[in-house]
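Residue strings, one per chain:
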Amino acid sequence: MDCIFCKIANRELGTELVYESDDVVAFPDIHPQAPVHILIIPKKHLANIGEIGPGDEGLLDQIGAAVKELAAKYQLDDGYRLVTNCGPAGGQTVPHLHFHLLGGRELSWPPG
């Protein structure tokens, strides 16, 4: 498989990891849309949230733990946005489940 996020999770690229657990890693987005823009991904390849299934119990809990730790680390006490895109029409450009943690500025709605 030629998935860039799998390569990052497997440490095949020199990407700075700002969080790592047994099943989840996080790293800065290369095209940040806010002062803090971190991508949080499972190490297991899942194309999007719709592929979570049997055997993935606890994965969203682990992602939630990563969000909590990263929000504290980056002092996002005033709030942040957590978003996942699903499929091309939903704006997903890398077909590996990932969550965007955005913060550090006032975020408007709708996002775009």
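For the structure given in this document, a descriptive report is provided here. Small disclaimer: the values here were computed from a predicted structure and weren't measured. Residue numbering note: each chain is counted from 1, following its sequence as written. With the structure being a predicted model, the display of local features is reserved for residues of pLDDT at least 70 and the display and counting of side-chain atom pairs for 80 or more, all residues being used for whole-chain, interface and lining totals. Calculated side-chain values reflect all of the structure's heavy atoms, with hydrogen atoms and water omitted.

Moving on, we get to the environment of I49. The helix count covers DSSP runs of H or I at least four residues long, the strand count covers runs of E at least two residues long, and both are numbered beginning at the N terminus. Examined against the element boundaries, I49 turns out to sit in the loop between β3 (36-42) and α2 (59-73). Using a 1.4 Å probe on the protein chains alone, a residue whose accessible area is under 20% of its type maximum counts as buried, one over 50% counts as exposed, and one in between counts as partly exposed. According to the relative accessible area criterion, I49 is partly exposed, its value standing at 33%.

Here we come to the nonpolar core. Grouping buried Ala, Val, Leu, Ile, Met, Phe, Trp, Tyr and Cys residues that are joined through side-chain atoms within 4.5 Å yields what is termed a nonpolar core. If you look at the biggest cluster of nonpolar residues, it comprises 18 residues, and the most contacted ones within it are V24, A26, I38, I40, I63, L70 and L101. When residues of this core are traced back to their parent elements, those giving at least two are β2 (24-28), β3, α2 and β5 (99-103). Take this core: its biggest share by element is six residues, from α2. The contact criterion used is simple: two residues touch if any of their non-hydrogen atoms lie within 4.5 Å. Ignoring any residue separated from it by four or fewer positions in sequence, one finds A26 in contact with E16, L17, V18, Y19, I38, L39, I40 and L70.

Looking now at the layout of surface pockets. Using only the protein atoms, space was sampled on a 1 Å grid; points where a 1.4 Å probe fits but cannot get out form cavities, open sets with protein on both sides within 12 Å along at least five of seven lines form pockets, and lining residues are those with an atom within 4 Å of a point. Grid points are joined across faces, edges and corners, and a volume is the space filled by probe spheres set on the points. In this structure, the second largest pocket occupies an estimated 270 Å³ of space. For the second largest pocket, the lining is made up of 17 residues, of which F5, D29, I30, L39 and V94 are closest to its centre. For the lining of the second largest pocket, the elements supplying multiple residues, two or more each, are α1 (4-9) and β2. Residues are grouped as follows: nonpolar covers Ala, Val, Leu, Ile, Met, Phe, Trp, Tyr, Cys and Pro; charged covers Asp, Glu, Lys and Arg; every other residue, Gly included, is treated as polar. Here the lining of the second largest pocket is composed, by residue class, of eight nonpolar, eight polar and one charged.

Let us now look at the state of the cysteines. Only a pair of cysteine sulfur atoms within 2.5 Å counts as a disulfide in this structure description. Applying the stated rule across the entire model yields zero disulfides. For the unlinked cysteine C3, the closest cysteine sulfur is that of C6, found at 3.7 Å. Overall, C6 belongs to the buried group, its relative accessible area being 12%.

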